[in-house]
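Read off the chains here:
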Amino acid sequence: SEKPIYPFTAIVGKERAKLAIILNAIDPTIGGVLLTGPKGSGKSTLVRSAARLFPDVETVEGCVFNCTPSDPTNMCDDCQARFKSQGTLPKTKKRVRLIQIPIGATEDRIVGSLDVERVLKEGLRALHPGLLAEANQGILYLDETNLLPDHLVDTILDASASGWNIVEREG
């Protein structure tokens, strides 16, 4: 039932781009790939096909931020608290996801926002995760970067460079 994807190995040319993507699959600490080229040169096809190359990732079961269960320094506050009290966390394997940032995305959609529904129903302050949370341990794909407001591009680059996205709200 999955949507068919053009195979990575069927893409001809783009050898440097393919090498960069493969190296990122091997060592995610490289931090990403920036592909440039004219419209219609296959950048999107290349990225979508590459998502299948990445190995499955281990995440904390039920965590909306896809936290790594074995690294307490790289966990959300909930997972850290559970890890400290229990010592281990339930794990699950997930396929690496490709999260695409739409051209008209808002800051709230990208970084996350207050979950108003939970605030009103339960009286709890809760975060509604954004696209950056969904892309944790996955692939974040941003096409047509020039069409996004500069402050959103800066936010995405800051989160990518630091490895963290902190959502704060006054009061």
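Before reading on, note that the structure itself is shown above.
Scoring rules and cut-offs
- Residues numbered from 1 in each chain as written.
- Predicted model: local features only at pLDDT ≥ 70, side-chain atom pairs only at ≥ 80, totals over all residues.
- Heavy atoms only, no water.
- Helix = DSSP H or I, 4+ residues; strand = E, 2+ residues; numbered from the N terminus.
- Buried < 20%, exposed > 50% of the residue type's maximum accessible area, 1.4 Å probe, protein only.
- Contact = heavy atoms within 4.5 Å.
- Areas by Shrake-Rupley, 256 points an atom, 1.4 Å probe, with all protein chains shown as cover.
- Lys, Arg positive; Asp, Glu negative; His and termini not counted.
- Charge placed at Lys NZ, Arg CZ, Asp CG, Glu CD.
- Salt bridge = Lys/Arg side-chain N within 4 Å of Asp/Glu carboxyl O.
- Core = buried A, V, L, I, M, F, W, Y, C linked by side-chain atoms within 4.5 Å.
- Polar contact = N/O pair within 3.5 Å; in protein donor to acceptor, adjacent residues only side chain to side chain.
- Patch = residues over 30% accessible without salt bridge, like charges linked within 9 Å, V, L, I, M, F, W, Y side chains within 5 Å.

Trainee: Would you mind showing me how to read the overall build of the chain here?
Mentor: Tallying secondary structure elements over the chain gives 7 helices and 6 strands in all. Scanning the chain from its N terminus toward the C terminus, one meets helices and strands in the order α-α-β-α-β-β-α-β-α-β-α-β-α. Here the chain holds 171 residues, and 29% of them are scored as buried. Sequence separation of at least 24 residues holds for 61% of the intrachain contacts in the chain that already meet a minimum separation of 6. Accessible surface for the chain amounts to roughly 11,500 Å². Of this, 53% is attributable to carbon and sulfur atoms. Of note, the chain has its 20 positive side-chain charges centred 7 Å away from the centre of its 22 negative side-chain charges.

Trainee: Any chance you could explain the pattern of salt bridges here in plain terms?
Mentor: In a structure, side chains of opposite charge can pair up when their charged atoms sit close to one another. Within the structure shown, the criterion is met by 5 salt bridges. In this structure, the salt-bridge partner of lysine 18 is glutamate 15, at a minimum N-O distance of 3.4 Å. A residue pair is termed a helical-turn pair when its members lie 3 or 4 positions apart in one helix, as lysine 18 and glutamate 15 do in helix H1 (residues 15-26) at 3 residues. The class for lysine 18 is buried, based on a relative accessible area of 11%. In this structure, the salt-bridge partner of glutamate 117 is lysine 121, at a minimum N-O distance of 3.2 Å. Of the two residues, glutamate 117 and lysine 121 both sit in helix H5 (residues 116-122), 4 residues apart, roughly one turn of that helix. Of the two residues, glutamate 117 and lysine 121, neither departs from the other in class, the shared state being exposed. Here the residues in one salt-bridge network are Arg97, Arg109 and Glu134, joined through shared partners.

Trainee: Explanation requested: the nonpolar core in the structure shown.
Mentor: When a protein is soluble and globular, its nonpolar side chains tend to lie buried together. Of all hydrophobic cores here, the largest spans 14 residues; its most connected members are Phe8, Ile21, Leu46, Phe54, Val96 and Ile139. Mapped by element, the contributors of at least two residues to this core are H1, helix H2 (43-50) and strand S6 (139-142). Sequence-distant contacts of isoleucine 21, that is, excluding residues within four places in its chain, are made with Phe8, Val33, Leu35, Leu46, Ala50 and Phe54.

Trainee: How should I be thinking about the environment of serine 41 in this particular structure?
Mentor: Within the element layout of this structure, serine 41 appears in the loop between H1 and H2. Among the polar contacts made by the side chain of serine 41, one reaches the main-chain carbonyl oxygen of proline 38 at a distance of 2.8 Å.

Trainee: It is not clear to me how H2 should be interpreted in this structure. Could you clarify?
Mentor: One turn of an α-helix holds 3.6 residues; hence residues three or four places apart share an orientation. By the criterion of burial, H2 is predominantly enclosed, with 6 of the 8 residues buried. Where H2 is buried, its residues touch H1, strand S3 (98-101) and S6.

Trainee: Explain a nonpolar patch on the surface to me, please; I cannot follow it from the model alone.
Mentor: A surface patch of nonpolar side chains, amounting to about 550 Å² of accessible area, comprises Leu19, Ile22, Leu23, Ile26, Ile30 and Leu53. For leucine 53, the position within the fold is in the loop between H2 and strand S1 (57-60).

Trainee: Even after reading the chapter, I still don't get the side chain of lysine 43, so can you show me in this structure?
Mentor: Here lysine 43 is to be found in helix H2. Although buried, lysine 43 forms no salt bridge, and the nearest oppositely charged side chain, aspartate 143, lies 5.6 Å from it. Engagement of the side chain of lysine 43 in a polar contact is seen with the backbone oxygen of glycine 37, the distance being 3.1 Å. Not counting residues up to four positions away in its chain, the partners in contact with lysine 43 are Leu35, Thr36, Gly37, Pro38 and Tyr141.

Trainee: What's the story with the side chain of asparagine 66 in this structure? I'm lost.
Mentor: With respect to the helices and strands, the residue asparagine 66 is situated in the loop between S1 and helix H3 (77-86). Excluding anything up to four places from it in sequence, asparagine 66 contacts Thr59, Lys94, Ala133, Glu134, Asn136 and Gln137.

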